[in-house]
Amino acid sequence: MIINSCIKFHSPEDKKRLLQRGPLQISSQDIHTEWGNILGSATREQEVQDFLERYPEMLPGLLDLHNGPLHNIIVSKFHFGADYRCDFAFATRHSMAVQFTFVEIEDPTKPVFNNDGSFSQLFNHARQQMADWKIWADKNINTLVDMFSPMFETYDAWNDYKDFRFYLICGRRSEVEVEKKRKDRWSSIQAMSEGKTFVMSYDRLSLSEKIQDRLIVCTYHDRAFYAKPELI
């Protein structure tokens, strides 16, 4: 495994263990079985967060620019702006563009719809959060480049085209497909996203087997990416 110099460690032992880490020792079928069990029994959002930190290859948007997350880094609980925090963030890049992707997960037990088929207050709040993030990113794209700058030490990303994507993960397919009214309203969300914000149910997530190397989940603080020791 090649570890980019932008990844920091809390101890030399952490780096040694990461260098020795091999491929996943569990089949994709077993991962999806465990995922189904988590979704069926989880009572807190943190349970889903913990699973996706163990298997970040389940996250959406990993191959939007085909090459996968830059330096295989996934940032957990990424803070940006004065008041914003997303559950996962990563950068992807090809020869002409760099894209920043933010993933927000909601408690799988929270309802997406009210009994009358309208969107729930909790779901509308999550969508508004995505809209707030988009406004912030439109105004602060260069701030994002600066925050992720340790990843760009080997080339100049400032002249790249810069873009961003937001993914909101919530609800279950069974709740959406129970009636036509709900399906139509769910579909209408994508029509209004302008290709920047995507909303999907938990059932849409699946293991990306096109990712060549295991991803490295990091925290971000003091302008550095630290590998999470418990996930190595």
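Only a predicted model underlies this, so the values are computations on that prediction, with no experimental measurement involved. (Residues numbered from 1 in each chain as written. Predicted model: local features only at pLDDT ≥ 70, side-chain atom pairs only at ≥ 80, totals over all residues. Heavy atoms only, no water.)

Caption draft 1: Region of interest: the environment of Glu34. Residue position: Glu34 is located in helix α2 (residues 28-41). A relative accessible area of 22% means that Glu34 is categorised as partly exposed. Through-space distance from the C-alpha of Glu34 to that of Gly68 is 24 Å; in sequence the pair is 34 residues apart. Ignoring any residue separated from it by four or fewer positions in sequence, one finds Glu34 in contact with Ile26, Phe51, Arg54 and Tyr55. (Helix = DSSP H or I, 4+ residues; strand = E, 2+ residues; numbered from the N terminus. Buried < 20%, exposed > 50% of the residue type's maximum accessible area, 1.4 Å probe, protein only. Contact = heavy atoms within 4.5 Å.)

Caption draft 2: Seen up close, the state of the cysteines. By the definition in use, this model includes zero disulfides. For Cys86, which is in no disulfide, the shortest distance to another cysteine sulfur is to Cys218 and amounts to 14 Å. Taking relative accessible area as the criterion, Cys86 reaches 0% and is therefore assigned buried. Of all cysteine sulfurs, the one in Cys6 lies closest to Cys218, which takes part in no disulfide; the gap is 7.5 Å. Relative accessible area serves as the criterion here: at 0%, Cys218 is assigned to the buried category. (Disulfide = S-S within 2.5 Å.)

Caption draft 3: How the structure looks around the sheet that holds strand β5 (residues 161-169). Across the sheet, eight strands lie side by side as β1-β8-β7-β2-β3-β4-β5-β6; this open sheet has mixed pairing. Among the strands making up the open sheet, the edge pair consists of β1 (7-8) and β6 (197-200). Pairing geometry for strand β7 (residues 216-221) and strand β8 (residues 224-227), over four bridges, is antiparallel. Bridged to His221 within β8 is Ala224. (Pairing = 2+ DSSP bridges.)

Caption draft 4: Quick look at the pattern of salt bridges. Here the structure, examined in full by the defined rule, presents 14 salt bridges. Between Arg93 and Asp160 there is a salt bridge, with its nearest N and O atoms 2.7 Å apart. Here Arg93 is found in strand β3 (residues 84-94), whereas its partner Asp160 is found in the loop between α4 (121-147) and β5, with 67 residues between them in sequence. The same class applies to Arg93 as to Asp160, namely buried. The salt bridge partner of Glu106 is Lys110, with a shortest N-O separation of 3.5 Å. For Glu106, a relative accessible area of 12% corresponds to the buried category. (Salt bridge = Lys/Arg side-chain N within 4 Å of Asp/Glu carboxyl O.)

Caption draft 5: A look at the pairing of β3. With eight of its 11 residues buried, β3 lies for the most part within the structure. Where strand β2 (residues 73-80) and β3 come together, five bridges link them in antiparallel fashion. Bridge pairing in β3 places Phe78 opposite Cys86. Between β2 and β3, which pair antiparallel one after the other, the connecting turn spans three residues, and Gly81 there sits at a positive phi close to 65°. As paired elements, β3 and strand β4 (residues 97-105) share seven bridges and run antiparallel to each other. Directly across from Ala89, in β4, lies its bridge partner Phe102.

Caption draft 6: Quick look at unusual backbone geometry. Of note in this structure, Asn72 is not a glycine but carries a positive phi near 60°. By the element assignment, Asn72 lies in the loop between α3 (45-54) and β2. Its identity is not glycine, yet Arg223 carries a phi of approximately 60°, on the positive side. When you line up the elements, Arg223 lands in the loop between β7 and β8. According to the relative accessible area criterion, Arg223 is partly exposed, its value standing at 44%.

Caption draft 7: Main features of the nonpolar core. Judged by nonpolar contacts, the single largest core of 46 residues is most densely connected at Phe78, Phe100, Phe102 and Trp186. With 10 residues, α4 is the largest single contributor of residues to this core. Not counting residues within four places of it along the chain, the set of residues in contact with Phe100 comprises Phe90, Ala91, Ile141, Leu144, Val145, Phe148, Phe152, Asp163, Phe164 and Arg165. Core analysis: the next-biggest nonpolar cluster, separate from the first, contains 27 residues, Val48, Leu52, Met58 and Val103 among them. (Core = buried A, V, L, I, M, F, W, Y, C linked by side-chain atoms within 4.5 Å.)

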